[in-house]
Amino acid sequence: MKSGDVISVYSDIKGKCKKGAKEFDGTKVFLGNGISELSRKEIFSGLPELKGIGIRMTEPVYLSPSFDSVLPSYLFLQNLPSALVTHVLNPQPGEKILDLCAAPGGKTTHIAALMHDQGEVIALDKIFNKVEKIKQNALLLGLNSIRAFCFDGTKAVKLGMVEDTEGGPPFLPETFDRILLDAPCSGMGQRPNMACTWTLKEVTSYQPLQRRLFTVAVQLLKPGGVLVYSTCTITLAENEEQVSWALTTFPCLQLQPQEPQIGGEGMKGAGLSLEQLKQLQRFDPSAVPLQDTDIDSLRGATTEDMMQLANKDCIGFFIAKFIKCKSA
């Protein structure tokens, strides 16, 4: 393969293709054709430092255009459930909002935009480079209400006598009007993901972390405040089981209906009532395949029909909304 050659691109589904292999008969999916920007020798002699475009796709199977860097000071791309979760939080101008696990800042900037940049949005993440990305996105979009800190969310509650942090973490209990906990999760709702290398130990490791973060969020929320919990995964353990645990552990919390309600109801199996399951939103595109959809039949579709269709064509996602009725 030389620079300028026309190349067919496949994805190795099971991750079995060895680096540098000239032939591969394993399970693969055709993604399209493109033109090589580099020779085979340049690609493999430059690993692992080599970065950039190896194949410039000219005939992709999936024709969706790239909106990356299109109107960057006006737009921040998000999938449907990620944009929806901020509307469910429903931040109001003048409020103090916490985005507990904020990177890369899509939901953070959306919160500030919905508040008309009036109030205070605190964004936390424990990885420095990701916090810098939040700051860059806020600056790019001209949002002045966002303050981002590199800090471990599990330690965000101020205990005892702690030095003044000038408005930064840790925070006193019952500081925030609304809190978004878009929790670290197994990410099993994300797509496309052609090859999966997760182990059972990795998938099950998230539930305890989510509960530690949730406990912090409850402590930091004012009475009467709103807490929204979300994940981009589809497991019962990280979603409905967490809701059931939260309602049992924190009697001060009440599950709330969500607006707008676009996703399907919650999954059975975690001990929640049918009424409680209806108050949750679960996006599960695998439930109803789209292959047989007749586009012409959508011309007279109602808004509700289009919303249901959108639910079938997005990532897997979960949203739960709580209100804190009294002090914990």
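Definitions and limits used
- Residues numbered from 1 in each chain as written.
- Predicted model: local features only at pLDDT ≥ 70, side-chain atom pairs only at ≥ 80, totals over all residues.
- Heavy atoms only, no water.
- Helix = DSSP H or I, 4+ residues; strand = E, 2+ residues; numbered from the N terminus.
- Buried < 20%, exposed > 50% of the residue type's maximum accessible area, 1.4 Å probe, protein only.
- Contact = heavy atoms within 4.5 Å.
- Axes fitted to C-alpha atoms, helices over the stretch in contact; angles between N-to-C directions.
- Parallel < 35°, antiparallel > 145°, perpendicular 65-115°, else oblique.
- Left-handed = near helix turned anticlockwise from the far one by under 90°.
- Nonpolar A, V, L, I, M, F, W, Y, C, P; charged D, E, K, R; others polar.
- Phe/Tyr/Trp six-rings, centres within 6.5 Å; stacked < 30°, edge-to-face > 60°.
- UniProt positions renumbered as here; feature names shortened; annotations may be inferred.
- Polar contact = N/O pair within 3.5 Å; in protein donor to acceptor, adjacent residues only side chain to side chain.
- Expected span 1.5 Å × (residues − 1).
- Salt bridge = Lys/Arg side-chain N within 4 Å of Asp/Glu carboxyl O.

(A) Structural view of the overall build of the protein. Per the secondary structure count, the protein includes nine helices and 11 strands. Going through the 328 residues of the protein one by one, you find that 38% of them count as buried. By sequence separation, contacts in the protein at least 24 residues apart represent 72% of the contacts at least 6 residues apart.

(B) Representation of the packing of helix α6 (residues 206-220) against helix α7 (residues 240-249). At a minimum axis distance of 11 Å, the contact between α6 and α7 shows a crossing angle of 40°. Between α6 and α7, the crossing angle belongs to the class labelled oblique. For the pair α6 and α7, the crossing hand works out as right-handed. Across the interface between the two elements, Gln207, Gln210, Arg211, Phe214 and Thr215 from α6 touch Glu241, Gln242, Trp245 and Ala246 from α7. Of the residues assigned to the contact of α6 with α7, the class counts are three nonpolar, four polar and two charged.

(C) Main features of α7. By the burial criterion, the buried members of α7 are Glu240, Gln242, Val243, Ser244, Trp245 and Ala246. Those residues of α7 hidden inside the fold are in contact with α6, β8 (221-231), β9 (253-255), α8 (274-278), β10 (281-283) and β11 (317-324).

(D) Just the packing of helix α2 (residues 80-89) against helix α3 (residues 106-114), in detail. Contact geometry for α2 and α3: axes closest at 10 Å, N-to-C directions at 45°. It follows from the interaxial angle that α2 and α3 lie oblique. Relative to α3, the crossing made by α2 is right-handed. Residues Ser82, Ala83, Val85, Thr86, His87 and Leu89 of α2 lie in contact with α3, whose contacting residues are Lys107, His110, Ile111 and Leu114. Tallied by class, the residues present in the contact of α2 with α3 amount to five nonpolar, four polar and one charged.

(E) The side chain of threonine 175, seen in detail. Position of threonine 175 among the secondary structure elements: in the loop between β6 (146-150) and β7 (176-182). Leaving out residues up to four positions away in the same chain, threonine 175 has contacts with Lys96, Leu220 and Lys222.

(F) Molecular detail of the packing of aromatic side chains. All told, the structure shown has seven aromatic pairs when counted by the stated rule. Each ring, one from tyrosine 10 and one from phenylalanine 30, has its centre 5.3 Å from the other, and the planes form 55°; the classification is tilted. Remark: phenylalanine 30 occurs in strand β2 (residues 28-36) and tyrosine 10 occurs in strand β1 (residues 6-12); sequence separation between them is 20 residues. The partly exposed category is assigned to tyrosine 10, whose relative accessible area is 46%. Ring geometry for tryptophan 245 versus phenylalanine 250: centroids 5.6 Å apart, planes at 90°, classification edge-to-face.

(G) Representation of the UniProt feature "binding site: S-adenosyl-L-methionine" (unreviewed entry) in the protein within the structure. Mapped onto this structure's residue numbering, the UniProt feature "binding site: S-adenosyl-L-methionine" (unreviewed entry) falls at Cys101, Ala102, Ala103, Pro104, Gly105, Gly106, Lys107, Asp125, Asp152 and Asp182. With respect to the secondary-structure elements, cysteine 101 resides in the loop between β4 (96-99) and α3. You can see aspartate 152 is positioned in the loop between β6 and β7. Residue classification places aspartate 152 among the partly exposed residues on the basis of a relative accessible area of 24%. A distance of 2.8 Å separates a polar atom in the side chain of aspartate 152 from a polar atom in the side chain of threonine 154.

(H) Up close: the environment of valine 226. Topologically, valine 226 is positioned in strand β8. For valine 226, the contacting residues outside a window of four places in its chain are Leu89, Asp177, Arg178, Ile179, Leu221, Lys321 and Phe322.

(I) Structural detail: helix α4 (residues 128-140). For α4, built from 13 residues, the straight-helix expectation of 18 Å at 1.5 Å per residue is met to within 8% by its first-to-last C-alpha distance of 18 Å. Looking at the packing, one finds that the buried side of α4 touches α3, β5 (120-125) and β6. Among the residues trailing α4, glycine 142 stands out with phi positive, at a value near 70°.

(J) How the structure looks around the pattern of salt bridges. Taken as a whole, this structure holds nine salt bridges when the rule is applied. One salt bridge connects aspartate 182 with lysine 107, and the closest N-O pair in it is separated by 3.2 Å. Here aspartate 182 is found in strand β7, whereas its partner lysine 107 is found in helix α3, with 75 residues between them in sequence. You can call lysine 107 buried: its relative accessible area is 12%. Three or more residues are tied together by salt bridges with common partners; here these are Lys96, Glu120 and Arg147.

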